[in-house]
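Spelled out, the chains give:
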Amino acid sequence: MATTATNNTDENYDVFLSFGGDTRYNFSSHLLGAIKRQHVNAYVDFNLERGSEISSALVSAIRKAPVAVVILTDHTASSKWCLDEATEIMECKRTRNQIVLPIFYHLDPSDVRNQSGCYGVAFEEHMKKKDCIEKVPTWREALKQMANLSGWHCLANMNEYELVENIAEDVRKIVHSNCLNVNRAKDEFERQKDMLRQLYKKNQITSDQTLHVWEMAKIANLTKDIGKASKLSEEIKKVIEEGKTSRKVIVN
């Protein structure tokens, strides 16, 4: 894995690091340095001039990363940009099995979960703005779900150097474990493709039948649950037996 931290979305990343401007030059930069030392490839948004909405390039970067580390602070709920990032990340957790790791920096996790304290004040302000009212329920739900995830709580009296080193080590282990699972899923998918080829050669599958191989490939490449890949054989057998579809088999 590379040791770069960049905003080039043409690359693939192990981790998407999400944070606000209030920690850019202190905690977030220290954590980024620690993650790089663990030889983990992290995406960081270097765009200081942020617009009202997150860009399509940034959305693409979030979706590419199998792991997202989100630094939540007192100011996160005040930033529409940070809230949109958090919402997209939680959507990727739901639809792409992205691993989401929150860091509560000098912040009570219950304020995030319940939108109380500074978070309650921030949402009251958002409700006064016409361009935010419709988004508020989605933002609230994303933060609530994120606050219920396992992560780290950074208190004001903690040794931050030790904390960022520990977090970076944990991230490396999670990324490594995730890569192993994806590789195992890919191997399983290749085994299933070999089985398809053999059946096709024996004329046990006709050209007018469809096996949803592309969907299976998506599972093999994106899933963090190896159990899904191991079910491909049963799905294949079921489609073969039913033979009710009409498109060609794709096994390349």
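The name given to the protein in an unreviewed UniProt entry is Disease resistance protein RPV1-like, with Arachis duranensis as the source organism.

J.: Got a minute to help me understand the packing of aromatic side chains in this structure?
T.: Geometry of an aromatic ring pair is reported as the spacing of the ring centres plus the angle between the planes. Applying the stated criterion across every chain, the model contains 3 aromatic pairs. Relative to Tyr-43, the ring of Tyr-13 has its centre 5.1 Å away and its plane inclined at 80°; by these criteria the two rings are edge-to-face. One end of the pair, Tyr-13, is in the loop between strand S1 (5-6) and strand S2 (15-18); the other, Tyr-43, is in strand S3 (residues 42-43), with 30 residues separating them in the sequence. A residue is classified by how much of its surface remains accessible, and Tyr-43, at 3% relative accessible area, is buried. Each ring, one from Phe-16 and one from Tyr-43, has its centre 5.4 Å from the other, and the planes form 10°; the classification is stacked. With Phe-16 in strand S2 and Tyr-43 in strand S3, this pair connects stretches of sequence that are 27 residues apart.

J.: It is not clear to me how the pattern of salt bridges should be interpreted in this structure. Could you clarify?
T.: Pairs can form between side chains of opposite charge once their charged atoms are near each other. Counted by the stated rule, this structure contains 8 salt bridges. Taking the shortest distance from any N to any O, the salt bridge between Lys-135 and Asp-84 comes out at 3.3 Å. Here Asp-84 lies in helix H3 (residues 80-96) and Lys-135 lies in the loop between helix H5 (117-126) and helix H6 (136-147), a separation of 51 residues in the sequence. Relative accessible area serves as the criterion here: at 27%, Lys-135 is assigned to the partly exposed category. The buried category is assigned to Asp-84, whose relative accessible area is 11%.

J.: What should I look at first to understand the nonpolar core in this one?
T.: A general feature of soluble globular proteins is that nonpolar side chains tend to end up buried together. In terms of nonpolar packing, the biggest core is built from 33 residues, with Phe-16, Leu-72, Ile-89, Val-112, Leu-143 and Met-146 touching the most fellow members. Of all the secondary structure elements, the ones that give two or more residues to this core are helix H2 (56-64), strand S4 (67-72), H3, strand S5 (99-105), H5 and H6. Judged by nonpolar contacts, the second largest core, of 25 residues, contains Phe-27, Leu-32, Ala-42 and Val-44.

J.: Please explain H6 as it appears in this structure.
T.: In a regular helix each residue adds 1.5 Å, so 12 residues correspond to 16 Å; H6 covers 16 Å between its end C-alpha atoms and thus fits that length. Along H6, the residues classified as buried are Val-136, Trp-139, Ala-142, Leu-143, Met-146 and Ala-147. Projection of H6 onto a plane perpendicular to its axis shows the buried side chains occupying an angular sector of 130°, all on one side. For H6, the secondary structure elements touched by its buried residues are S4, H3, S5, helix H4 (109-114) and H5.

J.: How should unusual backbone geometry be read in this particular structure?
T.: A negative phi holds for most residues other than glycine; trans holds for most peptide bonds. Positive phi, normally seen in glycine, also occurs at His-39, with a value near 60°. Among the secondary structure elements, His-39 is positioned in the loop between helix H1 (27-37) and S3. Looking at His-39, the relative accessible area reads 48%, which means it is partly exposed. Located in the positive-phi region is Asn-97, a residue other than glycine, with phi close to 60°. Turning to its location among the elements, Asn-97 is positioned in the loop between H3 and S5.

Conventions and cut-offs
Residues numbered from 1 in each chain as written. Predicted model: local features only at pLDDT ≥ 70, side-chain atom pairs only at ≥ 80, totals over all residues. Heavy atoms only, no water. Phe/Tyr/Trp six-rings, centres within 6.5 Å; stacked < 30°, edge-to-face > 60°. Helix = DSSP H or I, 4+ residues; strand = E, 2+ residues; numbered from the N terminus. Buried < 20%, exposed > 50% of the residue type's maximum accessible area, 1.4 Å probe, protein only. Salt bridge = Lys/Arg side-chain N within 4 Å of Asp/Glu carboxyl O. Core = buried A, V, L, I, M, F, W, Y, C linked by side-chain atoms within 4.5 Å. Expected span 1.5 Å × (residues − 1). Arc of directions from axis to C-beta. Contact = heavy atoms within 4.5 Å.

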